[in-house]
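Observations on the three-dimensional arrangement
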Amino acid sequence: MKAPRPSQSLRRRLLIQLLGVAAVLSALIYFGVRAIAEQAAEATQDNILGASATTIAEELAAQDGEIVVDIPYAAFSMLGAINAERVFYRIETDAETLTGYDDLPLPAIAPSLLAPVYYTINYRGVGLRVVALQRLVTVQDRPVVVTIIVGQTRNGHAAITSRVANLAASLGIGFFILAGLLNWVATERALGPVRRVALAVGRRGPADLSPLRQPMPRELAPLSTALNDFMARLRAALTRTETFIAEAAHHVRTPLATVRSQAEIALRLAETEDSRRALRAVIRAVEESGRSAGQLLDHAMVTFRSEHLEPAEVDLSEMLSHALRALTPSADIKDVTLQVSPLDTPAKVLGDQLLIESAIRNMLDNAIKYTPADSTVTISLGQVGGSHVLEICDQGRGLAGADLAALSIRFERGNNVADVVGSGLGLTIIQEVATSHGGSFTLAQMTEGVCAKLSLPCYVPA
Amino acid sequence: MRFLLVEDSKTLAQSVADRLAMDGHAIDLAASLAEAEDCLAVASYDLILLDIMLPDGDGRDFLTRQRAALRETPVIVMTARSAVSDRVHMLDNGADDYITKPFDFAELEARCRAVLRRRGGSATNIRTFADIEFDMLGATLTVNGQAQQLRNREFRLFEILIASPDRVFSKAHLADRLFSFTEDASDNAIEVYVGRLRKKLEGSRVIIETLRGVGYRLTAQ
């Protein structure tokens, strides 16, 4: 099954969206400030132009049937005051230019007597802001319409506009940066609880099924409730399974123990060779089923734990001495000597204690089982390269040509061991434990007996 | 030796008791933790055999609770479980050893002896016959003041013979008690161990006699 692709991080989505909003707002600020400033600059220029044209209009007079105008100095000085502006004017009546530049264009819409008209034109290669104004002058009792046009270059306007544009840009960028920072802070704070919950869930080991107790934002409450419900159900299921296995084992093996005890008593009292043989067969069968039940449960446990491996620092040499203590009486019964090289140096590996212990016990158990009475099982624990190697050698009948690959198949046993009780699961268990810990397990035929070798990588604390 | 057997299955308890009685041990039976506590209140035992799944609780909790009251009495837990976790847990709780059901009585005896040996033996375990001394706990045979260590099978064989001097035991009977039921040992394999014991008995008045076609017996000259 393919794992679902993780969707984009909440944090990134929030940040990107908030930054988008900030960018739009910054752009609005930039263009808004520019537009307002341009309007203000234009209005200022228009006011001055209007004032200048009005000043000229004040001086219009009729003399000897002619219109005369004495253009006052102030009319131009007020225009030239700012920057090095150039000024153009034209006074016209009845399509006849009285004075000024006669090619200075008239406005598209004729101004009325009351309101001046402002417009922008391109004149002799420069941009001009122009005002047109009309006045009535009475010439020989006849009213004559005079149009006064005053134009001014837009250098000052352009300078103001570019200054304002710079200012607007800085304002926009500043706003964007500030908004970005605030967004980041807000996002972090808003997502804090989510991260804490995720961390709390992530930190727990696979075996920790206790409910989540972290304070939870209201939006996440359904999630945590669902999670806690699920964990409670899982916990109950696991406990049920464990109890079931334990009780099953108890109910199967207790009657077996009874049968075996009774059979042993009967054997002690048996008179004939036939009944002795029958009773021995019964005891063997009981032994075999008891062992198989045990190995099956061990194997189920090994498989389960291998899949949910929760490694810890464990000491092979300590586990080996425990296993030796537990199995020495079994070896004693057969007069088998367990010869152990000194176990005084710890052999740390990273692994599951139960699994490794189970592997060691199975190795020892195999060796004791297959070595003949009155023989020696040699056990050594050493370091080879980056691995701790546990080697257990018996003096038994050997593998009779079978190889490990075949023998570690479940329920598969060697073809020369029919007379020895076994379940065919021991090697499978050891093999699985070795594999799940990144180690290896080998069986080697020696001139006398078999050497089983379990290698597990050394653990070096960081 | 006196055993307390705490086991709720009546049939199993009875057969284990019968079997242990055959070897001359005295067994008290308790079917629950409550009964076990009653027994412990009035008698003292050499060893306690404890099942862990009992109707009124878990044997391991009992062990934790009773460790002080048990004083030095060794405890061997009988378990039907096989998970290693149980075993580790039991030893942590103060059990001396455990044995998995169904068990071999030879193994149970071996474990009992190992546990008692670890706890330190007592004088009552020494048996004298004619001019030899047999330490059942230390598994030593003293001939002419010379102590010799017996290996497990020699020890068990001698234990059977010395329990009833002058009684004749058949090879088949001895083989049943000496060899595990899971190994195919011929009755003649007994001869090897008889031979070894004879060698260790050299210089004493005690001999192992062969009665051709019948078996062996231990007797003093």
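Everything in this summary refers to the structure shown in the same document. Here the structure is a predicted model, which means the values were calculated and not measured.

Basis of the calculations
- Residues numbered from 1 in each chain as written.
- Chains lettered and ligands numbered in written order.
- Predicted model: local features only at pLDDT ≥ 70, side-chain atom pairs only at ≥ 80, totals over all residues.
- Heavy atoms only, no water.
- Helix = DSSP H or I, 4+ residues; strand = E, 2+ residues; numbered from the N terminus.
- Buried < 20%, exposed > 50% of the residue type's maximum accessible area, 1.4 Å probe, protein only.
- Contact = heavy atoms within 4.5 Å.
- Areas by Shrake-Rupley, 256 points an atom, 1.4 Å probe, with all protein chains shown as cover.
- Core = buried A, V, L, I, M, F, W, Y, C linked by side-chain atoms within 4.5 Å.
- Buried area = accessible area lost by both parts, 1.4 Å probe.
- Salt bridge = Lys/Arg side-chain N within 4 Å of Asp/Glu carboxyl O.
- Polar contact = N/O pair within 3.5 Å; in protein donor to acceptor, adjacent residues only side chain to side chain.
- Nonpolar A, V, L, I, M, F, W, Y, C, P; charged D, E, K, R; others polar.
- Pairing = 2+ DSSP bridges.
- Axes fitted to C-alpha atoms, helices over the stretch in contact; angles between N-to-C directions.
- Phe/Tyr/Trp six-rings, centres within 6.5 Å; stacked < 30°, edge-to-face > 60°.
- 1 Å grid on protein atoms, 1.4 Å probe; cavity = no way out; pocket = protein on both sides within 12 Å on 5 of 7 lines; lining within 4 Å.
- Points joined across faces, edges and corners; volume = space filled by probe spheres on them.
- Parallel < 35°, antiparallel > 145°, perpendicular 65-115°, else oblique.

1. Description of the overall build of chain A
If you tally the helices and strands in chain A, you get 9 helices and 14 strands. Evaluated residue by residue, chain A yields a buried proportion of 40% over its 462 residues. Once local pairs closer than 6 in sequence are excluded, the contacts in chain A between residues at least 24 apart make up 63%. Summing over all exposed atoms, chain A offers an accessible surface of approximately 25,000 Å²; the carbon and sulfur share of this is 59%.

2. Structural notes on the side chain of A:Q45
Summarising the element assignment, A:Q45 is placed in helix α1 (residues 10–58). Accessibility expressed as a relative area gives 7% for A:Q45, which makes it buried.

3. Overview of the nonpolar core
Ranked by size, the top nonpolar core spans 39 residues in total, and within it A:L316, A:I356, A:I379, A:L390 and A:L454 carry the most contacts. Sorting elements by how many residues they give to this core places helix α7 (residues 353–370) of chain A first, with 8 residues. By size, the runner-up hydrophobic cluster in this structure holds 27 residues, among which are B:F129, B:F155, B:I160 and B:F179.

4. Remarks on the interface of chain B and chain A
In this complex, chain B contributes 51 residues to the contact, which on the side of chain A involves 48 residues. Summed over both partners, the interface of chain B with chain A comes to about 4,300 Å²; 54% of that surface belongs to carbon and sulfur atoms. Along the contact surface separating chain B from chain A lie 7 salt bridges. A salt bridge links A:D374 to B:R151; the shortest N-O distance between them is 3.4 Å. Where chain B touches chain A, the interface holds 20 residue pairs in polar contact (both at pLDDT 80 or more). Among the elements of the structure, α1 (10–22), α4 (84–92), β7 (97–100), α5 (105–119), α6 (152–163), α7 (171–178) and α8 (190–201) of chain B are those that each provide at least two residues to the side of chain B that touches chain A. Per-element tally for the side of chain B that touches chain A: the top contributor is α1(B), with 7 residues. Residue composition of the side of chain B that touches chain A, by class: 17 nonpolar, 10 polar and 24 charged.

5. Quick notes on the sheet that holds strand β14 (residues 450–457) of chain A
Residues and elements named next belong to chain A. In spatial order, the strands read β9-β11-β12-β14-β13; together these 5 strands make up an open sheet with mixed pairing. Of all the strands in the sheet, the pair left with one neighbour each is β9 (337–340) and β13 (440–445). Ignoring strand direction, the axes of neighbouring strands in this sheet form an average angle of 15°. Bridge count between strand β11 (residues 376–384) and strand β12 (residues 387–393): 7 bridges; the pairing is antiparallel. Following the sheet pairing, L381 is matched in β12 by L390. On top of the sheet, helix α6 (residues 316–333) reaches β9, β11, β12 and β14; it is set at about 175° to β11, its chief contact.

6. With respect to the environment of B:E109
Examined against the element boundaries, B:E109 turns out to sit in helix α5. Each C-alpha atom, one on B:E109 and one on B:L20, is 9.1 Å from the other, the two residues being 89 residues apart in sequence.

7. Re the packing of aromatic side chains
Residue and element names in this part refer to chain A. Counted by the stated rule, this structure contains 8 aromatic pairs over all chains. Each ring, one from F76 and one from Y89, has its centre 5.3 Å from the other, and the planes form 45°; the classification is tilted. Placement of the pair is F76 in helix α2 (residues 73–80) and Y89 in strand β3 (residues 87–93), with a sequence separation of 13 residues. Judged by relative accessible area, Y89 falls into the buried class, the value being 17%.

8. What about the environment of A:Y118?
Residues and elements named next belong to chain A. Tracing the chain through its elements places Y118 in strand β5 (residues 117–123). In the structure, Y118 is positioned 32 residues away from V150 in sequence and 9.8 Å away in space, judged by C-alpha atoms. Those residues in contact with Y118 that sit more than four places away from it in its chain are D46, G50, R129, V130 and V131.

9. A few points about empty space enclosed by the protein
Summed over the entire model, instances satisfying the criterion amount to 3 cavities of 30 Å³ or more. Looking at the second largest cavity, its volume works out to about 180 Å³. Forming the boundary of the second largest cavity are 16 residues, of which A:R268, B:R19, B:A106, B:D176 and B:R177 lie nearest the centre. Elements represented by at least two residues in the lining of the second largest cavity include exactly α4 (221–269) of chain A together with α5, α6 and α7 of chain B. Looking at the lining of the second largest cavity, its residues break down into 6 nonpolar, 1 polar and 9 charged.

10. Details of the packing of α6(B) against α8(B)
Each packed pair of helices is defined by two parameters, the angle between the axes and the distance between the axes. Residues and elements named next belong to chain B. One way to put it is that α6 packs onto α8 with a least axis distance of 10 Å and a crossing angle of 80°. Relative to α8, the element α6 is oriented roughly perpendicular. Of the residues in α8, those touching α6 at R153, E154, L157 and F158 are Y193, V194, R196, L197, K200 and L201. The residue makeup of the contact of α6 with α8, split by class, is 6 nonpolar, no polar and 4 charged.

11. Considerations on the pattern of salt bridges
Counting across every chain of the model gives 34 salt bridges over all chains. In this structure, A:D46 engages A:R129 in a salt bridge whose closest nitrogen and oxygen atoms are separated by 2.7 Å. In this pair, A:D46 is assigned in helix α1 and A:R129 in strand β6 (residues 126–139), connecting sequence segments 83 residues apart. Residues A:D46 and A:R129 agree in their burial class; the two are buried. Note that B:D28 and B:R2 form a salt bridge whose closest N and O atoms lie 3.0 Å from each other. Of the two residues, B:D28 sits in strand β2 (residues 26–30) while B:R2 sits in strand β1 (residues 2–6), which places them 26 residues apart along the sequence.

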